[in-house]
Structures are given as C-alpha cells and as structure tokens.
Amino acid sequence: MSELLRLTGISKRFTKSVDLAGRIANVLGAKNVPRVVHAVDDVDLVVSAGEVVGLVGESGCGKSTLGRVIAGIHPPSAGAVFWEGRDINAMDAEAQKAFTLGVQMIFQDPMSSLNPRMRAGEIVGEAPRVHGFTDAQGQRAYVDALFQQVGLDPEYKQRLPHQFSGGQRARIGIARALAVKPRLLVCDESVAALDVSIQAQVLNLFMDLREQLGLAYVFISHDLGVVRHIADRVVIMYLGRVVESGPRAAIFGTPQHPYTRALLENVPRLDARKRRFVTVKGEIPSPLDPPPGCHFHPRCPHAGPRCSREVPVKTAASQGHIVACHLADGGVD
Amino acid sequence: MLAFILRRLMQAVFVVVAMVVLVFFGTYVIGDPVWMMVPGDATIEQVGEVRRTFGFDQPVYVQFLHFLGDVVRGEFGRSYVHGTSAIALILARMPATMELAFAALILAVVIGLPLGLFAGLKPEHPAARAIMAGSILGFSLPTFWVGLMLIMLFSVMLGWLPATGRGPVVSIFGLETSMLSLDGWRHLLLPALNLALLKISLVIRLTRSGTREAALQDYVKFARAKGLSQSRIVGVHILKNILIPIVTVLGLEFGSLVAFSVVTESIFAWPGMGKLLLEAIQRLDRPLIVAYVMVVVLLFVTINLIVDILYSALDPRVRLSESEA
Amino acid sequence: ADLRIALSSEPSAADPHYHNLTPNNQVVRHVFEPLVFMDEFQALKPGLAESWKVIDDLTWEFKLRTGVKFHDGSPFTVDDVIFSLNRVPNVPKSPAPKTAYVRGKTVEKIDDLTFRVKTATPEALMLNHLANIEMMSAKAAAGVSTEDLNAGKGNVGTGPYQFVEFVPGDRFVVKRFDGYWGAKEPWDKVIFKFIKSDPTRVAALLSGDVDLIETVPTADAQRLAKEPKVAIASALSNRLVYLHMDRYRAETPFVKGKDGAAIPNPFHNLKVRQALTKAVNRPAVVERIMEGEAVPASQMLPDSYAGTSKKLKPVEYDLAGAKKLLAEAGYPNGFKLTIHGPNGRYTNDSKIIEAVAQMFTRLGIETAVETLPPAVFFSRASAGGPDKQPEFSMILAGWSAGTGEPSDSLKALLGSYDAKLGRGSANRGRYGNPAMDVVLDKALATVDAEKRAALLAEAAEIAMNDVGLIPIHYQKNTWAAKKGLKVTPRTDEYTLAMSVKP
Amino acid sequence: MAGPVLAVDNLATHFFTRDGVVKSVDGVSFEVKPGEVLGLVGESGSGKSVTGFSILGLIDPPGRIVGGSIQLNGEELVGRSESEMRKVRGKSLAMIFQDPMMTLNPVLRIDTQMIEAVLAHDAVSEKAARARAAEALGMVGIPAPEERLFAYPHQFSGGMRQRVAIAIALLHRPSLIIADEPTTALDVTIQSQILAEVQRICAESGTALVWITHDLAVVAGLADRVAVMYAGRIVEQGGVDDVLDRPCHPYTQGLIGSVPGAHPAGARLHAIPGSTPSLKHLPQGCAFAPRCTRADAACAVAPPITMNQGRAYRCFHPAAQAGASA
Amino acid sequence: MSEVAALPPPESAFGRFARRFIEDRVALIGLGLLVVVILVALLAPWIAPQNPYDLASVDVMDSRQPPGSHAGEGFTMWLGSDGVGRDLLSGILYGLRISLTVGIVSGVLAASLGLMLGLLAAYAGGRTETLIMRVVDLQLALPSVLVALILVALLGKGVDKIILALVVVQWAYYARTVRASALVERRKEYVEAARSLGLSHARTMLRHILPNCLAPVIVIATVQTAHAISLEATLSFLGVGLPQTEPSLGVLIANGFQYMLSGKYWISFFPGLALLVTIVAINLVGDRLRDVLNPRLER
Ligand SMILES: Nc1ncnc2c1ncn2[C@@H]1O[C@H](COP(=O)(O)OP(=O)(O)OP(=O)(O)O)[C@@H](O)[C@H]1O
Ligand SMILES: Nc1ncnc2c1ncn2[C@@H]1O[C@H](COP(=O)(O)OP(=O)(O)OP(=O)(O)O)[C@@H](O)[C@H]1O
Ligand SMILES: [Mg+2]
Ligand SMILES: [Mg+2]
C-alpha cells in the first residue's frame, strides 16, 4: 500500500497571549500568563492509500484537532504534513488544492455541519461546480449520481437539512465530501450522534465506499467497538499525545499501555452481564494544565517516580506497534 | 481583574480621544458660535471683539491645539456662554440626570420584571398577551409626546403631581438627591416614568423571552424533579438566570437613557445635564459639548465596568479576566 | 408671599455685566439698577440718577439720588458709578460685553452725588446706554469674578430684591430688600424657574407650579384668556419680524428661473420688491399664524415709539396689484426662490415663512422653504457665503430695539454695510441707500430729541418706500398669571417681579 | 415477597401539538421490584424519556397522560394534583437526567441546590441539611465534600456533575430512581466510574432503578431485566440474558445485530433498514412492520402482548420461541 | 429505500415560515394593518384630498380648522388642518410615505452596513475586529441628536440627510448583533466544511455565514425601523428633523406639539395616532418574526 499522508512531529497549540493591558497589569503586580493549550503534542501518523486508521481517546484529548490538521483546516503549530510524499508547505498552489480537496472531513454533528439555509442539492453541488468538477449543466447529473451513491433519493435535492433524518443528514455530509473526489476521509465522530440501527447503516456505507472508491479513512471515535469493527490500524490518544498505536489485532489483543488496557476494560460489552464495573481512578486532567511527565501517571495503577518526571518516548513493542510508556522502556522507577 | 480594568480604561481613552476630536471638528462645521452669543443688535465691531476674545478668528487647527494645550494643563475649557469650567457645570448637573436615570431604571425593573415574568410563564394567558401588546406602546410613542401627555393628565387635569422641576434636594455623602423626600419623589415620578417607558417595554420583553427559554431548560425540570415549589423555582432558579441578560442589556441601555434624558429633561424642565447639552448644542457652546461627551463616555465606561462586575457576580461562569473586549 | 415666575430662557450668569442678553438683564435687574430706568413703554425715567442735564454736545451732568443704599448697607455714591463703568469693559471672557455702552465716555467726579460724563462725539443715545449699565458696589464687587457673583459673593446691588441663589438650569432666587430706596415690593421672595418648553410652561401655570409665565405661546393665548383661573397681560413689543433680500449680488444663489437656470438677481428691481411686499397678507399672518398675538408692521418699530414715521402704514395685501408689478418688472411668470429662516428662534418663525411662501407661490414665485437650527442659520446667514458674506437670497429674521427707539434698527438693518463705521451690522441683505445713510447719520449726531425723531422718521420713510426690507409684524409680549395678580406688560420683553402686584 | 416498587400499567402519554397528536407513550406496562434494575432501551424518540417524566408527573402541556395507571409502592400517581406530586418527587421517587451540563442550575452553588432539595421535604435546620448534603456527596465518591459544596457547577467536570445529580437523587433515600441516560454524555472511563458507583449504592440501599439508555451494552452490564421500546410501546421485555441472547422481537434482534462489537471486524453489520418512524404518522398495526423482514398481512393489526415464561413481547412472528423453551 | 415513507412532505422554508407566522392571530392583524398602512402611503397622491406639499394649494387661511371643516378650496378636511392650513388627512397620508421611507430606507442601509462590518469583524477577527468594534463603541456613545445636528449643518435638511443621520446612528446596533451571531455561526462545522472544500473566504462569508445571521437582523430591523420613525419625530421635535414644508408624521406631531394644551388636539393627535398604528403594526409583525425565526422556541 502506498503512503498517502504522513504527519511528523505535529503539534497544535492554542495560545491566548497576554495583551498590552495584561502586560501593564503584570508590571503592577498582576500575574497574567499566556494560556496555552497543547491540543496536539508531537504526533506522528502515517495513512496509506485505502487504509482505515482509527483514532481513539477521551473527550478533549485532541482527536478533532488532529483531524482538522489532517484536513488542512488548522495549520499545525509545529511539524510537517506530507501529502503523497511531498511537504504541503513546499507545494505549488495546484498541488495544494489537490491536497485540500483530497482530504475531506465528515463531521460529528450532522445538523451543524450542514448549512441550514442551503438545499441538499446545493450543499453537495456547490464545491464541485466552484472547482470545475462539473459545469452548470452537468451539475444535476453529477449531484444525482452522488445522492445515489450514498443511498439517498435524488428527489430530496430540494429539501433543507432540517427536513432530513439524522442518518440522511450524515449521508448528505458524506456526499458533500465525495463530491470533490477525495482520497482520504477524516470522519470525526461521524456516527456518534446516530442511533445504533442508523449507525450500522452508515458504517456499512463507509465500508462500501472504501471498497468501491479505494478511500482511506482517519476514523475518529471514542467508541472502541466501532473502531475495532472498522479500523485496520488504531491510534490511542491521551491528552494531546499518542500513547499507543498499532495494527488492530495488536491493540485489542496485546495492549501495552495501561491506559489502553483501562479503556478496553471499561468498554461495556453485550456479552458481559451483570458485571462489576472496575474503573480507572480519577478524572481526566485539564489540557490547560496537564500533569508533568507522562500525562496519564496520576491515574495509572503502575505509575512510578519516573512517570511524573520524564515524558515517555515512543518505543516499538512489535512490528508497527508503538507505545509511549516507561513500562515498555526500562521501568517506572 | 486588574488587566481587565486596564483594558477597559485603554478602550475608554481611545473612545474619548476619538470622540473629542469628532465633536470638536463637528461643532466647528455647524456654525460660528459667536452668533449665538452676542445679542441680535450687536455691531460688527462687537462681534469681532467677541470673536477675538474667544479665538474664533483663528484657524480651526490652532483652536484645536489651544484646546489640547488646555487639556494637557488639566483644564477642559470654559463654557463660552457661562464663562465657568465646563466640566464643573456638567458635574453640577449630573446628579439630577443620574437620579432621573436611576429612578427610570428602578421603575423599569419594578414594573417590567413582574409583568415579564408573568407573560413568560403563561404565554398563552390573555393577560400575558395584553401585557405584550401594551409593551409595544412603550416604544411606539415619541418620548416628548408622552411626556406632555403625562403632564396634562397628572398635573393639569388631575393635579396629583407637579409638572416641572426637581423637588427639594438633600446632600448626603456629597451626593445631591431628591429621592429622600416625598416631595422629591412626587417631582421625580412623572419624568422618570416618561423616561422609563421604553425601558419598561424592554424589560418586559427580555424577561418574557428569558423566562420562556429558562423554563424549558433541564435544570428547571430537574428542580421540579427535586420536589421544589413553583415559587422557589421561579423566584430563585429562573429569576437568577434571567437577571443576567437583563442586567447586561439595561447596563448598555443606560447610555440611551442618558441620551433620551435630553428630551425628558426639556419637557419637564428637569435641571439635568441633558437639558444643558441641548442648550449647549443650540448655542454651539463647544467646550461644554466636548466636556459633556467626555463625561458621558467616562460614565458609560464606568457603568459598563459595573455591569461587568455585576454580571460576573450573577453568573459565576464568567470571570472578569477572561471576558473579552 | 412668594412669587414664582417661569421664564422661557435661562440667564447664563448672575453677573450684570457679563452677558448682554435679555434673559440675563431681566433677572439681574432685580438686584442691580442702572442710573436711568426704562418704564414699561421703554420711556426713559430717572433711576439711580435723580436728574441730568446736557452741558454741551459732549458733556452731560448727572445727579445721584440721595439715600440709596446697597444691600450690604453701604451708601451708593459716584465712586460706585465710576467703578461700575470701569468694570463693564473688563469682565473677562464675556460672550457679549456691554462695552459699547461705555466706549468713548469718561467720567468726572464732581462730588459724592454729582458727576459728569464726557463723550468723544455727540451721543444722542447717552441715556439709553446708561439705562443698560447696572450699578455695582465698588466696595463689595471689587475683584469679584463672574463665578463669584454666580455663587453670591459680592452680589450686592441697590435693587428692590437681594440675591439669594442662582442654580443654573433650574432657578434664580431673590428676596425683598427692606432698605430699598423706593416703594416697598410686595413679594418676600421671588423664584424664577427656567422652563423652556412652551406647553410645559403653560402646564406649570395651569397646575399651579408657578404664578406667572412669560412668553405665552400664541397657540395658548386665546385659551388662557378664557380660563377663569388665569389673567392675561399683553403689550406690543419692540420686536419686528421681517424678510431681508439679497441686494449685493448680481446673481443670487437661491433664486432661479422657472426652468432652473440662473437669472439675474430680481431683488434689485424695486417693482419686484414692491410686488413681494404687496403679496404678503399681513393680517392673515397675524390672525392665522400668530393667533392675534402680533400686529402688522410698517417699519422698524410700532409708531407709538418716538422716532417712527406716522405716515408709514402696513402695506395692503393686493395680489392682483402685486402680479401686475411683477409682470411690469419683467417676471410675468415669476421665478423660483428659497426662503431661509431659523426654526425656534422667533415665535412661530418656521410657520411664518411657510405662510409667506404660500403667498409668494400664489404670486407666481415658486417658493421653497428651508428652516435651519438657529445655530446653523445665523452663522450661514451672516457669513456662510464665499468670502464670509451672507449666504442666502431671502431670509426671515427678527429684531428688537433694545434702545426703545429706531436709530439702532435703521443703522444695523438698513444702513449701507460698512464694517468700519459699524453700520449695517445686521444688514444681511446688504441693502444700501446713500440717501438714507445721510439722513440717518445726521440723526445719530443730533442730541435734540425732537429733531432726531423727525430725522429718524424721514430715514425710515426713505428705506421703507424703497422696500429695503419687508416688515411683517410686530410681536406682542404676553404674560399669563394666576387670577388676582396684576401684571403690567412691558414692551421690552422683560419679565420683572416689579411689574407684578397682588 | 413485597409488591413491586413501581407498577406501570397501560400508560399512555400523548402530546397534542398544533399539527397532530404525538402518541409518545402508548400502552406501556412494566413493573420494578425493590432493588431491581430495569433497563429501558430503545432508539431516539421511542418514548423512553417521556415514560420517565410521566412517572414523575413532569409532562408539560401540550403533553398529557391520557390513560393507564402508575403505582408507586401501591399508591396511584396518575391524577394527583401538582402539590401532591411534589411531595413524592425527590422524596420516594428521584430522577437523574442525561446531560450533566444542563441539569444543575449554572448560577447557583452546589450547596444551595442540595440544601433546597433537603428542605423541600424535611423540616430540618439548614445546618443539618448541609451535613446531609455533604454526606450524600461523599457517598457518590466526591472527595472533600464539605469544601466542594461551595463550588459552582461549572467548576466541576461532567462526571463530577453527574455525581452531584446522583447525590441529590439519593438525599431522601428514594425507593426508586429513574436515570435517563445519565452516562451517555460521558467518557468511557468516567461512565464506568459512575456505573460502578450506582451499582454499589443500589446494592447497599436496595433502591430500585430504571435505567434508560440506548446502549444495549450498558444494559447488559447493569440491568436485571430489560424492556425494549419502539415507537411508544414496549415491544419486548424480560430478563437481561433472555432478551439479549434470545431476542423474540425482530426489532430487538435488529438492535443487537447493529452493535459493531458483536460482529467480526470489518464484516457488514446487520443494520435494520429504514429509520424510526415519526410518531405523528404511525402506520396502522405493528409500528415496526415497514422495516421488518418478517412482516406480513397479519401485522396490519397491532400485535397484543404475548406473555411467555416471564417474557413479554408484541409480535406475531417472534423469532426465539424455540430458544425460550430450550 | 423505505425511508421515504418516514419523511414529512417536503415544505419550502418560506412555506413553513409563512405557516408558522400566520398561526398567531395578533400577528395577522399586525400584518394586515401594516399592509393597509403601506398601501395607503403608496396611494397617497390618489386618495389624499390635497397635495400638502404644494404650497399653492395649502392656504394659511385654512389653518387650525377642526375636523370636518371645509377648506377654502371646497373639500372637507375630515381630520381638520394644522397650523399653516394643511389638510391633516392629506398631511398624514403623505407623511406616512416619508416616515415609512425614512424608516425602511435607513433600516435597510443601516442593516446592510452593519451586516457587512459585523460579519467582517467576526470573520476576520484580530485587529480588524478590534477596530470595527471600537468604532461601534464610539458610535453607541455618541448622542444621536448631536450626530443629526452635525449632519444637518453639513448637508442641510432633507429626507436623504435624515436617512443618512439615522444610518449613522443605527448601523452600530446591527454590527454588534451580526457580529455576535456570526461569531456563533463561524464556529459551526458547516463553515469548516466550506473551508475544507476549498471555498474562498468571500464565498464562505457571504454564501454560508451571512444567510444564517439574517434572522436576528430581521428581528432588530423591525424594531429599529419603528425606532427610526419615532427617532425622526424626536429629531424634528428638537428642530433638526425634516423640512417644514414636506412634513413627515414626526414633523406633523412635533408641529402639533405646541397646540396640545390649547384644545386643538387634532393637530398632534391624529398624526400621533397614525404613527402609533404604524409602529404597533411593525412591532407586531416583528414580534412574531422573532418567535418564528427563533429556532429555540421551535419545539
Ligand atoms: N480553537 C480552539 N481554541 C482554543 N482551544 C481549543 C480550540 N480547539 C480545541 N481546543 C482545545 O484543545 C483540546 C483538544 O480539543 P479537541 O476538540 O481536539 O478534542 P477531542 O478529542 O476532539 O474531544 P471530543 O471527544 O470532546 O470531541 C481541548 O482542550 C480544547 O479545549
Ligand atoms: N413537548 C413535546 N411536544 C411534542 N412532542 C414531544 C414533546 N416531548 C416529546 N415529544 C415526542 O415524544 C416522542 C418521545 O420522546 P422521548 O424524549 O421520550 O424520546 P427518547 O426515547 O427519550 O429519545 P432520546 O433517546 O432521543 O432521548 C418523540 O417523538 C418526541 O418528538
Ligand atoms: Mg472532537
Ligand atoms: Mg430521552
């Protein structure tokens, strides 16, 4: 499989700097410090053509931010993005456009991701017309084909988003993304808002499209069940950092990181009846003020003194299976 | 907090400077103030003399530089007409206007809040609909017209309340107020009502929509699920939430209250700074207009600051240091 | 008993020499008195000066009244006169000083109660000028500023009332001075309230907030006259409302042909001016707009005043005659005209303009009206044009003769414009008639009252027959008081507590 | 054995909207025994929440309970006046809501909100009420409860807020708690913390629980019995093992088939075709018929409840009859 | 697919909007009134007995006549006449035209200006936003009387000038409102979708964000239009309003003001009534719009 996208050392920081008034106040004795959120911190990621990468983690760990960086919506604060092996910052406008259109995002909230005042046909048809995938006459047929591809009746083109059900809205979002012939879809919790039965339909659609069009996916979800079902490779994030990544079988079969293990244990399962819930202690810390060293150490049952001092480095546990934990890297003491 | 206040002050300085420049040159283009100062039968010589006395014969930028020089020296100019410090004149009149504006605010809240709550809790009730329809009247009728109608009804026809002026004033802590005596209130009532009319409508509307929205919130349902009484839910849970927008909006509207006091004060011969401004504009008393604008902008800034502090007191989610400009 | 009076305009200070405007003069007149009084008809009477005589064309001798005391008990002497006359030109930052009244006069003390005034040129208006200068106490007022006087410091006069307080924007209060040299006033305390809004002032009277109001709005005069609780007093005033026409430009900006093209200034044509004045239906304006609170005008002052012409009568309304004249003048189809005027400066000013515009339109002159806020209007009407000349083609304005005779009016409104001579200072039409100037100049240099009056009347006739301006009406001044108060109306628009008796 | 804590019989709650009657709950019956956990599952809009609110009498106009009975500890709740209902709410019957961000009043401190809940039913001193509030907070695993009482909701994370809500529900030791998807908005690790907490408390105090959720997996781990709702009706009800392992109703089967975790990775899911119907335009007969592979002419009439060995379902063509007897 | 059956019949946004609008009877009455007012204003030249702006047909001899009197030219002045002899009915009909024009045109212009600047501020952020919002602050602190007076001094009186003054006074309210809602919209995912689809900033701003910020604008526009009409009346009262000879409702009221105590009530009462009806109608419609356009109240 050829490499489609590569992220190296990607970080994304959101900074709120101290303005002039704040600085003057500091002179007068106040303590205004710039507030920095390390939403994504030194992440490496490779997506090959046609591959599904699952991105898992708890709320606020930076999944969406990473997704947006991949989709080119946010520029990264550090690190480089390579599209088909070329640094996107070194590309000409043409190639950059190919990258922009080549990666499309599908959002979590099917309602807020559709412009409530545009008709379905327009939502899907706008970008291909603007970018010349089709002209005014061809637009109709082009959009009809897309509607059929995602399992919507082209009759619905005249409707507004609120006139659709949740599952249908998700399909419109998918059709909109497909309209510019992307090679990689970033699905940010795209099925989380749907009912199980509808979610199953949409997951099936994703899998069909992958087969038909050879699409690659970055599949963001906090639902391990979904990720296990659909992903070839899984990346686990905790507070901006990747703690473990590897092939599905490795992650679910031989999880290395204590956090991954805790996650897997905590997932409710149909076949676990009347079980006693055992839990990870503690709350998810705030990304504004993350714990030092390994971010997970305050909640980790195996934490040792080293964990609060040193940031763990990425170590390969097996082929393609990488873990960032002191346990895998010489112990915690 | 400190940074927040500083930020506000810096904004205020910007606004004041821009405003002063605007007003200075704006009033310059309106006309030559000398014609509003000399008597109609003044000779050319007299006119020229007055012009020289006040420096109107100089180019406008020179006049402006002189003015800036005065400001740097801490002197904001003397009223052309009154010959005394413009700031002092305005400050002397400010308590009357503030009193009027505050009385209007109080009336707006005291009348508007209960009516709005009722209309919001029972939106389909005929009385609620009547309140809403009635509230339209509040901003449909020009203030000056309503003012005279109030005078006609309550002073001339019924003879209940005095038509004009301010009641006896007492000075407490250096602040003059007429709110401490019955007669003071009798004088205050009509003009305050006149000024408040618009705000009453506004409060009714804000309260109603706020109540309607709050009543649909989960926390209200949860409060009911706890078995709380209706009065506690409305009086504590809903009220505290709707006070937030009301305080904010009323704070912002305080400016328009002061602006509209120009009209009310002239109708009711209320000795406030609005009337002073109107006269200053009519007589092109530039230092007075500039000083008014400065005082009013600073007043707004102060009020906004107070509103923000109140806001953060009412809404614990807001922290002053974080709220943006 | 107290007397509460509502004034329509507010004084700017309690300093008698600070601002020469009616609102100021009338309130300070209760506290300070001039050497010469003007009665309700603006006739001159002995005031603090008991008597005077003309020694020669350039010298006057005055004798002060005996037994006059200031409010602080000190006696009034010639030193106070000298102090006051010296103070007048030296009030700092005065927006309208009374300097012109003392210019060229030197005072010579003869004894404590006698002094002489010498002038540079013959001063026919000596007494009128002295009637405008209030006497202050040399002792109490030495070195006090306007602000001090506002606050009551040194605010000591000889008047029938003593200063109590001045609250800008609200009130001016005086109380009776029991050591007054003249007849004792009936009021313990007089409170002047400033109520600018016309209907409010009326309401204040009707609701009993005040006992007396000045400047009764024309709309309410008739109603108040019928009101049983209210008594009305009214007098013909010295204020003339008139139209001025552009007489100095060959083409005037606000006159255009019917097709909108520029045409030569028609106001240079006497027939046009005559047509215009004939087209003004003065009785209609007086009746329909002023509601009877005015009298059609023929010249600068009503002919009850000295120095007016008894021959001049208000021009009769004659539309047909006016049309004929206009046709004769070469404008059978009229032209287009814009009249400018202030709104809110004179009683019903904008309505009068509109009525006049209707009348001119009937004459065939398509007339537009543009009224402006006074602040804008006067500055443009006086110097808004290129090179600081008057801007408009025809304006409406008003004029009140503070001296109580027409010489000032003629000089300022109709004298050929001459900045050096101070002539034509309010001549915003720049009308000029050398024949009239000659007669007027002669009158101004004539000290003998009768001769002067004849000359002034002659000057007025020359100018009015030439239609130098179009007089419309003289306003009436109307006061309304609680029933039971006797109000003596004044022609000079002053509202004085001394005119009110229970 | 004691009678059920809650017995709902043939409950019907309808909303009379401008454009038609919404039969949100239409003939729902179930019972909950003391200490028992009932899982109420179903898709969005199937009427789970309305059922819960009906029990507390918190249905607002245009909604109304139009029929059936609700008995709490043998006392009828339907038809009670608002003030009588108020005595029950929060006292013997408590509710926890889905969104922890919204259930606490953002502008009131935690102590205010807890103390008022104590004082609403018990005439105790404020001090005693505060002590009880702190105790309840401790019970749900909030460290340093006395201090935390002075906090505002926004100073808590979502999981903490949900604990506070649970603590408020526990204040009067109710005999029944209705929990309306209380963990749906929470993260996996936090969800299981809450689940563990609830499990422990119910076991200790014998409080019965109705747990509303759309997540079958949560129900599997928590509930004793399961009721599956579809379009305002309970279509299947029974012991958790019975229903999940041997579903009778095709809808239950479809739901289970849609859960990705239950399938081999990458395989197509057995999705139910179509989407949930609008409650305004329900088809005649079985509401699930349009999406059902087994539907036939018989389904044009609404299927009655079939009782079978402690299980109940509404279907003419149940799948697992054999399994049930096995 | 079988989903078709489950969907409600398609309904256009406007159809839904209209249906919800007319559900309220009071709003319908308001709408009816507004239509009547606008019609009457449009048809004024054909239904008014007099052209009140033609000085040749207005006669001062007819001034202050009570309702029902006959004018010199023979027609009946049903509502009486004003201080210079203008037939009040005609004056009101024509005045309505001016007032509505002033209100609507200034509303549209102020809304457009405020919309653009507010949108730009929200979208661009940073210094642009700071600058625009400071100017907004400035504007909100400037007394409207002063602004109007300065403009009248600079430009002279006239409908266009008063409109300009009102635009200057009002745009800031729109800018503030639009910025607030644009800030919310900007964070919505459909905007990110537009960016990710490679659509230009201009297109994203104008085609995607703008239409979604219109609802609050429409709502405040109705209030501000009503407010503009009564503000114009206030300015006329203060002497800086519209020209005397072509009176708006505000000028008529302001002119009648001095007659209010004199028993000639009609000179100010009837124009006041007309103003009241107009503003109430606009506000009734506006209120309903607010409810209909507020998605939060849509269950
Ligand atoms: N535009 C922004 N400005 C400031 N901080 C941001 C911004 N976007 C995200 N963050 C912060 O970055 C962190 C990561 O956010 P992100 O949305 O990527 O998390 P997530 O993993 O997608 O969470 P969730 O599961 O809740 O969607 C959070 O703490 C968030 O507050
Ligand atoms: N106030 C109301 N007015 C009209 N219909 C309502 C109202 N409240 C609820 N409904 C309708 O009742 C039905 C059931 O709603 P309910 O909230 O019980 O669903 P739910 O099963 O809890 O769904 P979710 O999982 O989304 O919470 C829905 O179709 C809903 O539209
Ligand atoms: Mg996210
Ligand atoms: Mg629910």
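For the structure, see preceding data.
Residues numbered from 1 in each chain as written. Chains lettered and ligands numbered in written order. Predicted model: local features only at pLDDT ≥ 70, side-chain atom pairs only at ≥ 80, totals over all residues. Heavy atoms only, no water.

Here we look at the interface of chain D and chain A
Phase 1 of the analysis: Across the contact, 49 residues belong to chain D and 40 residues belong to chain A.
Phase 2 of the analysis: Together, the buried faces of chain D and chain A total about 3,600 Å²; carbon and sulfur atoms form 56% of this surface.
Phase 3 of the analysis: If you sort the residues of chain D by the area they bury against chain A, Asp187, Val188 and Thr189 of chain D come out on top, with a joint share of 16%.
Phase 4 of the analysis: At the junction of chain D with chain A, the criterion picks out one salt bridge. (Contact = heavy atoms within 4.5 Å. Buried area = accessible area lost by both parts, 1.4 Å probe. Salt bridge = Lys/Arg side-chain N within 4 Å of Asp/Glu carboxyl O.)

Quick look at the sheet that holds strand S12 (residues 321–323) of chain A
Residues and elements named next belong to chain A.
Phase 1 of the analysis: Overall, mixed pairing links the eight strands, which are arranged S6-S7-S8-S3-S9-S10-S12-S11 in an open sheet. Of all the strands in the sheet, just strand S6 (103–106) and strand S11 (315–318) have a single pairing partner and so form its edges. Geometrically, the sheet is characterised by an average inter-axis angle of 20 degrees between neighbouring strands, direction not taken into account.
Phase 2 of the analysis: In the packing of helix H7 (residues 196–213) onto the sheet, contacts are made with strand S3 (52–57), S6, strand S7 (184–188) and strand S8 (216–221), and the angle to S8 comes to roughly 160 degrees. (Pairing = 2+ DSSP bridges. Helix = DSSP H or I, 4+ residues; strand = E, 2+ residues; numbered from the N terminus. Axes fitted to C-alpha atoms, helices over the stretch in contact; angles between N-to-C directions.)

Digging into the sheet that holds strand S3 (residues 37–42) of chain D
All names here are of chain D.
Phase 1 of the analysis: The strand order across the open sheet formed by eight strands is S6-S7-S8-S3-S9-S10-S12-S11, and the pairing between neighbours is mixed. Of all the strands in the sheet, just strand S6 (93–96) and strand S11 (306–308) have a single pairing partner and so form its edges. Direction aside, neighbouring strands of the sheet carry axes that sit 20 degrees apart on average.
Phase 2 of the analysis: In the packing of helix H7 (residues 158–170) onto the sheet, contacts are made with S6 and strand S7 (176–180), and the angle to S6 comes to roughly 175 degrees.

Digging into the packing of aromatic side chains
Residues and elements named next belong to chain C.
Phase 1 of the analysis: For the coordinates displayed, the defined rule picks out 43 aromatic pairs over all chains.
Phase 2 of the analysis: Ring centres 5.8 Å apart and planes at 55 degrees place the aromatic pair Phe254 and Phe392 in the tilted group. Of this pair, Phe254 sits in the loop between strand S12 (230–245) and strand S13 (255–256) while Phe392 sits in the loop between helix H12 (374–383) and strand S17 (394–400), placing them 138 residues apart in sequence.
Phase 3 of the analysis: Looking at Phe254, the relative accessible area reads 21%, which means it is partly exposed. (Phe/Tyr/Trp six-rings, centres within 6.5 Å; stacked < 30°, edge-to-face > 60°. Buried < 20%, exposed > 50% of the residue type's maximum accessible area, 1.4 Å probe, protein only.)

Focus: the site of ligand 1
Residue and element names in this part refer to chain A.
Phase 1 of the analysis: Every one of the 13 residues lining ligand 1 counts as a neighbour, but Gly60, Lys63, Ser64, Thr65 and Pro287 are closest to it.
Phase 2 of the analysis: Within the side chain of Ser64, an N or O atom sits 2.4 Å from an oxygen atom of ligand 1.
Phase 3 of the analysis: Burial of ligand 1 by the protein amounts to 62% of the accessible area it has alone, namely 630 Å².
Phase 4 of the analysis: Where the shell around ligand 1 is concerned, the elements lending two or more residues are strand S2 (35–48) and helix H2 (63–70).
Phase 5 of the analysis: Of the residues forming the shell around ligand 1, the biggest block, three residues, is contributed by H2.
Phase 6 of the analysis: Looking at side-chain class alone, the shell around ligand 1 contains five nonpolar, five polar and three charged residues. (Near = heavy atom within 4 Å. Polar contact = N/O pair within 3.5 Å; in protein donor to acceptor, adjacent residues only side chain to side chain. Areas by Shrake-Rupley, 256 points an atom, 1.4 Å probe, with all protein chains shown as cover. Nonpolar A, V, L, I, M, F, W, Y, C, P; charged D, E, K, R; others polar.)

What to know about the pairing of strand S1 (residues 6–17) of chain D
Residue and element names in this part refer to chain D.
Phase 1 of the analysis: Burial analysis of S1 places nine of its twelve residues in the buried class, the great majority of the element.
Phase 2 of the analysis: The pairing of S1 with strand S4 (residues 63–72) spans eight bridges and is classified as antiparallel. Pairing of His14 across the sheet is with Arg64, part of S4.

A short note on the packing of helix H10 (residues 230–268) of chain B against helix H11 (residues 273–282) of chain B
Residues and elements named next belong to chain B.
Phase 1 of the analysis: Running from amino to carboxyl end, H10 crosses H11 at an angle of 85 degrees, the nearest separation of the two axes being 7 Å. By the criterion of interaxial angle, the relationship of H10 to H11 is roughly perpendicular. Seen from H10, the contacting residues are Val258, Ser261, Val262, Glu265 and Ser266; seen from H11, they are Met273, Gly274, Lys275, Leu277 and Leu278.
Phase 2 of the analysis: Split by residue class, the contact of H10 with H11 holds five nonpolar, three polar and two charged. (Parallel < 35°, antiparallel > 145°, perpendicular 65-115°, else oblique.)

Quick word on the side chain of Thr218 of chain C
Phase 1 of the analysis: If you trace the backbone, Thr218 of chain C turns up in helix H7 (residues 218–226).
Phase 2 of the analysis: At 2.9 Å, the side chain of Thr218 of chain C forms a polar contact with the side chain of Asn348 of chain C.
Phase 3 of the analysis: Other than its neighbours up to four places away in sequence, Thr218 of chain C contacts Ile289, Met290, Glu291, Glu293, Thr347 and Asn348 of chain C together with Gln258 of chain E.

Focus on the environment of Arg314 of chain D
Residue and element names in this part refer to chain D.
Phase 1 of the analysis: By the element assignment, Arg314 lies in the loop between strand S12 (311–313) and helix H12 (321–325).
Phase 2 of the analysis: Residue class for Arg314 comes out buried when judged on its relative accessible area of 12%.
Phase 3 of the analysis: Considered as a pair, Arg314 and Met95 are 219 residues apart in the sequence and their alpha carbons are 28 Å apart.
Phase 4 of the analysis: Within the structure, the side chain of Arg314 is placed 3.0 Å from the backbone oxygen of Gly27, a separation counted as a polar contact.
Phase 5 of the analysis: At 3.3 Å, the side chain of Arg314 and the backbone oxygen of Ile234 are in polar contact.

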